[in-house]
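Structural overview
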Protein chains: 4
Amino acid sequence: MEKLARKEREFRMHRMEILEQAEKIFAAKGFHNVTMAEIANASGFSIGSLYQFFEGKDNLYTTMITEKLDLMYGQIREKVNMAEDLTEKITMLIGASFQFIEENTDFCGLFLRGETAPLSELMASLRQKLADDHSQHLTFIENILKKGIKSRYLRPLNSRAMAAALFGLIRSSAIDWMLLPAEESLNSKKEFIMDIFLRGVIKHEK
Amino acid sequence: MEKLARKEREFRMHRMEILEQAEKIFAAKGFHNVTMAEIANASGFSIGSLYQFFEGKDNLYTTMITEKLDLMYGQIREKVNMAEDLTEKITMLIGASFQFIEENTDFCGLFLRGETAPLSELMASLRQKLADDHSQHLTFIENILKKGIKSRYLRPLNSRAMAAALFGLIRSSAIDWMLLPAEESLNSKKEFIMDIFLRGVIKHEK
Amino acid sequence: MEKLARKEREFRMHRMEILEQAEKIFAAKGFHNVTMAEIANASGFSIGSLYQFFEGKDNLYTTMITEKLDLMYGQIREKVNMAEDLTEKITMLIGASFQFIEENTDFCGLFLRGETAPLSELMASLRQKLADDHSQHLTFIENILKKGIKSRYLRPLNSRAMAAALFGLIRSSAIDWMLLPAEESLNSKKEFIMDIFLRGVIKHEK
Amino acid sequence: MEKLARKEREFRMHRMEILEQAEKIFAAKGFHNVTMAEIANASGFSIGSLYQFFEGKDNLYTTMITEKLDLMYGQIREKVNMAEDLTEKITMLIGASFQFIEENTDFCGLFLRGETAPLSELMASLRQKLADDHSQHLTFIENILKKGIKSRYLRPLNSRAMAAALFGLIRSSAIDWMLLPAEESLNSKKEFIMDIFLRGVIKHEK
DNA sequence: AATGAATGAGTATTCATTCAT
DNA sequence: TATGAATGAATACTCATTCAT
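Residues numbered from 1 in each chain as written. Chains lettered and ligands numbered in written order. Predicted model: local features only at pLDDT ≥ 70, side-chain atom pairs only at ≥ 80, totals over all residues. Heavy atoms only, no water.

1. Some remarks on the protein's contact with DNA strand E
Every one of the 26 residues lining DNA strand E counts as a neighbour, but Ser49 and Gln52 of chain B, Ser49 of chain C together with Met36 and Lys57 of chain D are closest to it. Near the protein, meaning within 4 Å, the atoms of DNA strand E are sugar or phosphate in a fraction of 67%, with bases accounting for the rest. Contacts to DNA strand E include Ser49 of chain C, whose side-chain N or O atom sits 2.8 Å from a phosphate oxygen. One of the side-chain nitrogen or oxygen atoms of Gln52 of chain C is found 3.0 Å away from a base nitrogen of DNA strand E. Those elements that place two or more of their residues in the surface near DNA strand E are helix 3 (47-53) of chain A, helix 3 (47-53) of chain B, helix 3 (47-53) of chain C together with helix 3 (47-53) of chain D. In terms of residues, the surface near DNA strand E owes the most to one element, helix 3 of chain C, which gives 4 residues. Here the surface near DNA strand E is built from residues that sort into 10 nonpolar, 13 polar and 3 charged. (Near = heavy atom within 4 Å. Polar contact = N/O pair within 3.5 Å; in protein donor to acceptor, adjacent residues only side chain to side chain. Helix = DSSP H or I, 4+ residues; strand = E, 2+ residues; numbered from the N terminus. Nonpolar A, V, L, I, M, F, W, Y, C, P; charged D, E, K, R; others polar.)

Set out below in structure tokens:
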């Protein structure tokens, strides 16, 4: 029983190690420009071992993306849900997004710029997941904003469009930050986005 | 002389034909999943001929991206420059961007989602150009906004950040539109963006 | 037109050259122990060229078998059909079989011993063809013998079984000849088989 | 001592279990399409354990073939030796051969069709054994027939060729039976072969 | 100029075998 | 003794590029 547990633990450790290295390498070079040998080498395993943890290159890639994305969405939602009022929720949304991006620059370089787009049919499920996740995330944001509208704090605009706008502001700041190296912390842009977005959206009681 | 001219004209025609077909195919499948034979076939030329117009696959790809982007930035600037006051300029910026995107969905699917990101070192120059173009475009937007700030029409915020914000709003609307099929015209979102952005940015004379 | 013809001719020549070399190598080592590089090398083409003539290793193998078998059955039938009476037909059947075997020892080593048996599902069609060809060949022999039965020259035994028996005698002689090196000509066994088959083995007292 | 005996007994049991499973799987898929993992799984042992019973895949395969063949030849000879006169001996030869084939269809499918032929050099010894066994078997048959010749019961033909002929008749019947599924018992062909072989095919006009 | 056959370097994947536990 | 995770050599196949015609 104990042995089984250790085996299990080791398996997960090894799997994670591979995923971490794969993330770095894929992020740096993109899917097609990476070889299994490269990943094997970087993660300290043999080529063959990679296939004990993942069904193949496609699977390794999609797994890496999938698990990281789940982590991201999970972290963001957890933090947002802990906040109570609307303003605080939006602040947390931006802050948690920025934090994840800052802590996972490599991965986000891959994801934000969408290197995930033109994968072969075999990865169709990944594309679907990405689209679904994105849509779900927008809905999550939308629901927050809807409450603001209902409570008459926000203007009665199309909530989906508002969510997309907020997401776009976050995203564009991140892209800008990632493209221009050696700038100030990404988080420093939080205030700016809050400012722009709330002014654009808050119902100004005369 | 005349003959030379015809040759020249033919050469350009052929070159364009190839670029157009290449654009469609690359947009549909991404760089790595396309073969030169495929492009040759689609454009009605032999494989060998492709190499008389372009140095290789990388060059064909980067040329296609580069020329299309130049076209896009050119169109947008031309229209914006024709506008006179700030609001009109911003309207044109959004409108011209949306128009190009609607008229070039395939290409933008490739570009917006960033399939262009992790190309091999050989394409380093493309990456540089993309980054430069993007930066230049932000500067272009920035300069418009700066005038608004100077004229005290806009709040004295960080102009670069404002430009990035506006760009982000445009981009996120486009992505949303591209991901959700069979929706209303992209252009219908123009008003919304104008609304959000200007409220967030205009200096509200008390 | 002429050019097309030459291309066509060259294509066939190259294809044949590859098939001939492949036959030798496959015969010597069996399907799985042969590499495409080996065949490419032996036939004087590059690896890539092999794939311009054949869809893959499986296809190259099955094509080689198929075409050679068709040749064999064709040669045998042609000669048998030229004969007129029953005895002569049987003589030709044995003779033509032996001749093909002697002239194609390598190939027959592969075929007679049945290395063709356990091929992957992809080659299911080959297996079917082999079985069909064999069955058809037995039927061909059977039809000859049936006439002999009808004309009361042969005993009214099960014609299918008789065909199988004759085929077995031919086959076993061939196997014996192939296994024991440096013996007399295979054809020298023709008389013996004719004798055994036509008259039987018992010494007819009286 | 007793413990040792039990160990020994267990070892043999395990070894046999593996051989039996290996036989089934090899027979179904051929040597190259079978993995050690597959055999390990089917026989209920770990991969590592297989290597305690056999030196490797080659060895496992050749051992399986060798032992089964020894069993076959042993069974046939034993039964033939129990018969007394020539006719009875030949009957037993055919009958025992057919019985083994019927009881070991899987294995014979592998062997009769000769999947054993083109094994790598490492298995050269197996090929040799197969050839030797075959030759020895023919000699065994030959010796029976020689007595028949000496006693003037059989015609003074080449005894080796007669043996090969008889073997060929048996073999071809078996192949035919194995290729055509769902037929009558193989043994039902015994009489026919006896008839053909002993009396011949020509209708002996009195 | 135009063609497309020929090239061969590059890579994902398999699986017999080993050996630390 | 038994296990099965780790290994890495081996190989079919692809496709950008060249060059003889």
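And the narrative resumes.
2. Some points on the protein's contact with DNA strand F
Around DNA strand F sit 26 residues, and of these Gly48 and Ser49 of chain A, Met36 of chain B together with Ser49 and Gln52 of chain D come closest. Sugar and phosphate atoms form 64% of the subset of DNA strand F atoms that lie within 4 Å of the protein. Within the side chain of His14 of chain A, one N or O atom sits 3.1 Å away from a phosphate oxygen of DNA strand F. In this structure, Ser49 of chain A approaches DNA strand F through a side-chain N or O atom, which is 2.9 Å from a phosphate oxygen. When contributions to the surface near DNA strand F are tallied by element, the ones reaching two or more residues are helix 3 of chain A, helix 3 of chain B, helix 3 of chain C together with helix 3 of chain D. Looking at the surface near DNA strand F element by element, the count peaks at 4 residues for helix 3 of chain A. Across the surface near DNA strand F, the residue classes tally to 10 nonpolar, 13 polar and 3 charged.

3. Structural notes on unusual backbone geometry
All names here are of chain B. Despite not being glycine, Arg152 shows a phi value in the positive range, around 65 degrees. Positionally, Arg152 belongs in the loop between helix 7 (124-150) and helix 8 (159-179). Taking relative accessible area as the criterion, Arg152 reaches 58% and is therefore assigned exposed. (Buried < 20%, exposed > 50% of the residue type's maximum accessible area, 1.4 Å probe, protein only.)

4. Quick word on helix 2 (residues 36-43) of chain D
Within helix 2 of chain D, the full set of buried residues consists of Met36, Ile39, Ala40 and Ser43 of chain D. One face of helix 2 of chain D carries all of its buried residues, which in axial projection span an arc of 100 degrees. (Arc of directions from axis to C-beta.)

5. Focus: the domain arrangement of chain A
Residue and element names in this part refer to chain A. For chain A, the assigned domains are domain 1 (1-54) and domain 2 (64-201). Taken over both partners, the interface formed by domain 1 and domain 2 buries close to 820 Å², and the fraction arising from carbon and sulfur atoms is 62%. Considering only the side of domain 1, the residues that lose the most area to domain 2 are Glu23, Ala27 and Phe31, jointly responsible for 56% of the buried surface there. There are 2 salt bridges connecting domain 1 and domain 2. In this structure, Lys68 engages Glu23 in a salt bridge whose closest nitrogen and oxygen atoms are separated by 3.0 Å. The tally of links between domain 1 and domain 2 comes to 2 residue pairs in polar contact (both at pLDDT 80 or more). Within the side of domain 1 that touches domain 2, the residues separate by chemical class into 4 nonpolar, 1 polar and 3 charged. (Domains from an automatic or database assignment. Buried area = accessible area lost by both parts, 1.4 Å probe. Salt bridge = Lys/Arg side-chain N within 4 Å of Asp/Glu carboxyl O.)

6. Section: helix 5 (residues 86-103) of chain B
Because an α-helix completes one turn every 3.6 residues, residues spaced three or four positions apart along the sequence face the same direction. Residues and elements named next belong to chain B. For helix 5, which comprises 18 residues, the first-to-last C-alpha distance of 25 Å matches the rise-based estimate of 26 Å (1.5 Å per residue) to within 8%. Taken together, the buried positions of helix 5 are Leu86, Lys89, Ile90, Leu93, Ile94, Gly95, Ala96, Ser97, Phe98, Phe100 and Ile101. The N-cap residue of helix 5 is Asp85: its side-chain oxygen and the backbone nitrogen of Thr87 are 3.0 Å apart. (Expected span 1.5 Å × (residues − 1).)

7. A short note on the environment of Thr139 of chain D
All names here are of chain D. Along the chain, the position of Thr139 falls in helix 7 (residues 124-150). Classification of Thr139 by relative accessible area gives partly exposed; the value is 29%. The spatial distance from the C-alpha of Thr139 to the C-alpha of Ala164 is 9.3 Å, given a sequence separation of 25 residues.

8. Some points on the packing of aromatic side chains
On inspection of all chains with the given rule, the structure shows 24 aromatic pairs over all chains. Among the aromatic residues, ring-to-ring pairing joins Phe11, Phe45 and Phe53 of chain A into one connected group. Lying across the ring of Phe31 of chain C, Lys57 of chain C places its NZ or CZ 4.5 Å from the centre. (Phe/Tyr/Trp six-rings, centres within 6.5 Å; stacked < 30°, edge-to-face > 60°. Lys NZ or Arg CZ within 6 Å of the ring centre and 35° of its normal.)

9. Quick word on the pattern of salt bridges
One pass over the structure, following the stated rule, counts 40 salt bridges over all chains. Residues Lys146 of chain B and Glu142 of chain B are paired through a salt bridge, measuring 4.0 Å at the closest nitrogen-oxygen approach. Of this pair, Lys146 of chain B and Glu142 of chain B both sit in helix 7, 4 residues apart, which is roughly one turn of that helix. Among the residues examined, Lys146 of chain B registers a relative accessible area of 40% and is labelled partly exposed. Close ionic contact of Arg155 of chain D with Asp195 of chain C constitutes a salt bridge, the shortest N to O distance being 2.5 Å. Of this pair, Arg155 of chain D sits in the loop between helix 7 and helix 8 (159-179) while Asp195 of chain C sits in helix 9 (residues 190-199), each in a different chain. Among the charged side chains, a salt-bridge network with shared partners connects Asp70, Lys129 and Asp133 of chain A.

10. Focus on the environment of Ile149 of chain C
All names here are of chain C. Position of Ile149 among the secondary structure elements: in helix 7 (residues 124-150). Residues Ile149 and Ser159, 10 residues apart in the sequence, show an inter-C-alpha distance of 8.3 Å. Each residue touching Ile149, except ones within four places of it in the same chain, is listed here: Leu154, Arg155, Pro156, Leu157, Ser159 and Met162. (Contact = heavy atoms within 4.5 Å.)

11. Notes on the side chain of Arg155 of chain D
Given the relative accessible area of 10%, Arg155 of chain D is considered buried. Polar contacts involving the side chain of Arg155 of chain D include one to the side chain of Asp195 of chain C, which spans 2.5 Å.

12. Looking at the packing of helix 7 (residues 124-150) of chain A against helix 8 (residues 159-179) of chain A
All names here are of chain A. Relative orientation of the contacting elements helix 7 and helix 8 amounts to 115 degrees, with a least axis distance of 8 Å. With respect to their mutual orientation, helix 7 and helix 8 come out roughly perpendicular. With respect to the hand of their crossing, helix 7 and helix 8 are arranged in right-handed fashion. Seen from helix 7, the contacting residues are His134, Ser135, His137, Leu138, Thr139, Ile141, Glu142, Leu145, Lys146 and Ile149; seen from helix 8, they are Ser159, Arg160, Met162, Ala163, Ala164, Leu166 and Phe167. A breakdown of the residues in the contact of helix 7 with helix 8 according to their chemical character gives 9 nonpolar, 5 polar and 3 charged. (Axes fitted to C-alpha atoms, helices over the stretch in contact; angles between N-to-C directions. Parallel < 35°, antiparallel > 145°, perpendicular 65-115°, else oblique. Left-handed = near helix turned anticlockwise from the far one by under 90°.)

13. Regarding the packing of helix 4 (residues 57-82) of chain A against helix 5 (residues 86-103) of chain A
Residues and elements named next belong to chain A. Look at helix 4 against helix 5: their axes get within 8 Å of each other, and the N-to-C directions meet at 150 degrees. Taken together, the axes of helix 4 and helix 5 lie roughly antiparallel to each other. Helix 4 and helix 5 meet at a crossing whose hand is right-handed. Contact residues: Lys68, Leu71, Met72, Gln75, Ile76, Lys79, Val80 and Asn81 in helix 4; Lys89, Met92, Leu93, Ala96, Ser97, Gln99 and Phe100 in helix 5. Looking at the contact of helix 4 with helix 5 residue by residue, the class counts come to 8 nonpolar, 4 polar and 3 charged.

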